Amino acid sequence: MSISDEDVAGAGRFAPSPSGDLHLGNLRTAVLAWLFARSTNRRFLVRVEDLDRVRPGAEQRQLADLEALGLVWDDRVVHQSRRTRLYDEAIDRLHDAGLTYECYCTRREILEATSAPHAPAGAYPGTCRDLTEAQRAEKRESGRAPAIRLRATEEWYTIHDLLHGDFTGIVDDLVLRRNDGKPAYNLAVVVDDAAQGIDQVVRGDDLLTSAPRQAYLAHLLGLPVPVYAHVPLALNAEGKRLAKRDGAVTMADRIALGDTPADVLGTIAVSLRLADPGEPVSMQLLLDRWNPVRLPRDPWVFVPS
Ligand code: GLU
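Residues numbered from 1 in each chain as written. Predicted model: local features only at pLDDT ≥ 70, side-chain atom pairs only at ≥ 80, totals over all residues. Heavy atoms only, no water.

Caption draft 1: Fine view of helix α9 (residues 261-271). Within the sequence span of α9, burial applies to Val264, Leu265, Gly266, Ile268, Ala269 and Ser271. For α9, the elements touching its buried residues are α1 (24-38), α2 (58-69), α8 (251-256), α10 (283-289) and β12 (300-301). Arg273 sits one or two residues past α9 and shows a positive phi near 60°. (Buried < 20%, exposed > 50% of the residue type's maximum accessible area, 1.4 Å probe, protein only. Helix = DSSP H or I, 4+ residues; strand = E, 2+ residues; numbered from the N terminus. Contact = heavy atoms within 4.5 Å.)

Next comes the structure, spelled out in structure tokens:
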């Protein structure tokens, strides 16, 4: 099996949300995204996904941590909060094609409807899809601001992932614009990846189930669908997703314990089976040794010392 596609000169990316410091699992994903991109002669871009949950100072620390690892990116860092015109245009296009509708449901209403027996797991139940104009006017009068949803014409969509093969996932009437007026993540990510010439998406495998929706959206917008590689996450000793409460898991935590950034990269390299414990490493060395076929497919269990 081949899991590389070498004949292209597009771009890969790392797209952190500046909601806090990156932990070792996030840094490992960034290293992997860089390795996948550079080993296929792609450019590597960083995009700050700051449409919500911004913690002051987090972006600067995240970028400084990437730099400390020796991870170099191309071009200027892009911020989603400065690109809302692009997202508005995409929503307008879908609207003009009759592919949107207003949704007045609260989170709780959706939860109640989707927990009914026989409801498709995780999908929006379609409550507002076929409201009459009179019903919509009534909802509007109640004062609740609507979200804008996609009027999906498919229930399932299949993507190809370099690690997971063909993956078919649910496409539902996903939110394009939230009811606070902000563009939704699924829309922004699709618009940005295409606008930035990103044709390779490497990210944590918690987002694998979002990829079919995003690829479907790209298809509807006439945008190219990227190559995906959803990489294993880092877990704690209990097998749960690694989090800051698990102890010394950020670059700052590790440095406070006496590690250097190179030691942190070494820890990540060992987890990727690209180095032996204690061996000095650099991003270039990891690139020289990189072979995606040998990437461990199981989650990385990290127990901070
Ligand atoms: N901003 C997302 C996150 O930090 C990643 C989105 C993506 O890579 O598509 O989880």
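Back to the write-up after that little detour.
Caption draft 2: Seen up close, the nonpolar core. Counting residues in hydrophobic clusters, the biggest one holds 45 residues, and the most contacted among them are Leu27, Val31, Phe36, Phe44, Leu66 and Leu71. Within the residue set of this core, elements represented by two or more residues are α1, β2 (43-48), α2, β10 (227-231), α9 and α10. The dominant element in this core, judged by the number of residues it contributes, is α1, at ten residues. Residues contacting Leu27, with those up to four places away along its chain left out, are Leu22, Asp65, Leu66, Leu69, Met251, Val264 and Ile268. (Core = buried A, V, L, I, M, F, W, Y, C linked by side-chain atoms within 4.5 Å.)

Caption draft 3: Molecular detail of the sheet that holds strand β1 (residues 11-14). One open sheet accounts for three strands, arranged β1-β2-β3; its pairing is parallel. Unpaired on one side and paired on the other, β1 and β3 (78-79) mark the two borders of the sheet. Note that β2 and β3 share two bridges and pair parallel. Bridge pairing in β3 places Val48 opposite His79. The strands touched by α1 within the sheet are β1 and β2, with β2 carrying the most contacts at an inclination of about 145°. (Pairing = 2+ DSSP bridges. Axes fitted to C-alpha atoms, helices over the stretch in contact; angles between N-to-C directions.)

Caption draft 4: The environment of Arg140, seen in detail. By secondary structure assignment, the location of Arg140 is in helix α5 (residues 133-141). Here the alpha-carbon distance between Arg140 and Tyr104, two residues 36 residues apart in the chain, equals 8.2 Å. Not counting the four nearest positions on each side in its chain, Arg140 is found in contact with Glu102, Tyr104 and Glu133.

Caption draft 5: Region of interest: the packing of α1 against α2. One can describe the packing of α1 onto α2 by two numbers: an axis separation of 11 Å at closest approach and a directional angle of 60°. When the axes of α1 and α2 are compared, the pair comes out oblique. Both α1 and α2 take part in a crossing whose hand is right-handed. Every residue of α2 that contacts α1 at Leu27, Ala30 and Val31 is listed here: Asp65, Leu66 and Leu69. Taken together, the residues of the contact of α1 with α2 sort by class into five nonpolar, no polar and one charged. (Parallel < 35°, antiparallel > 145°, perpendicular 65-115°, else oblique. Left-handed = near helix turned anticlockwise from the far one by under 90°. Nonpolar A, V, L, I, M, F, W, Y, C, P; charged D, E, K, R; others polar.)

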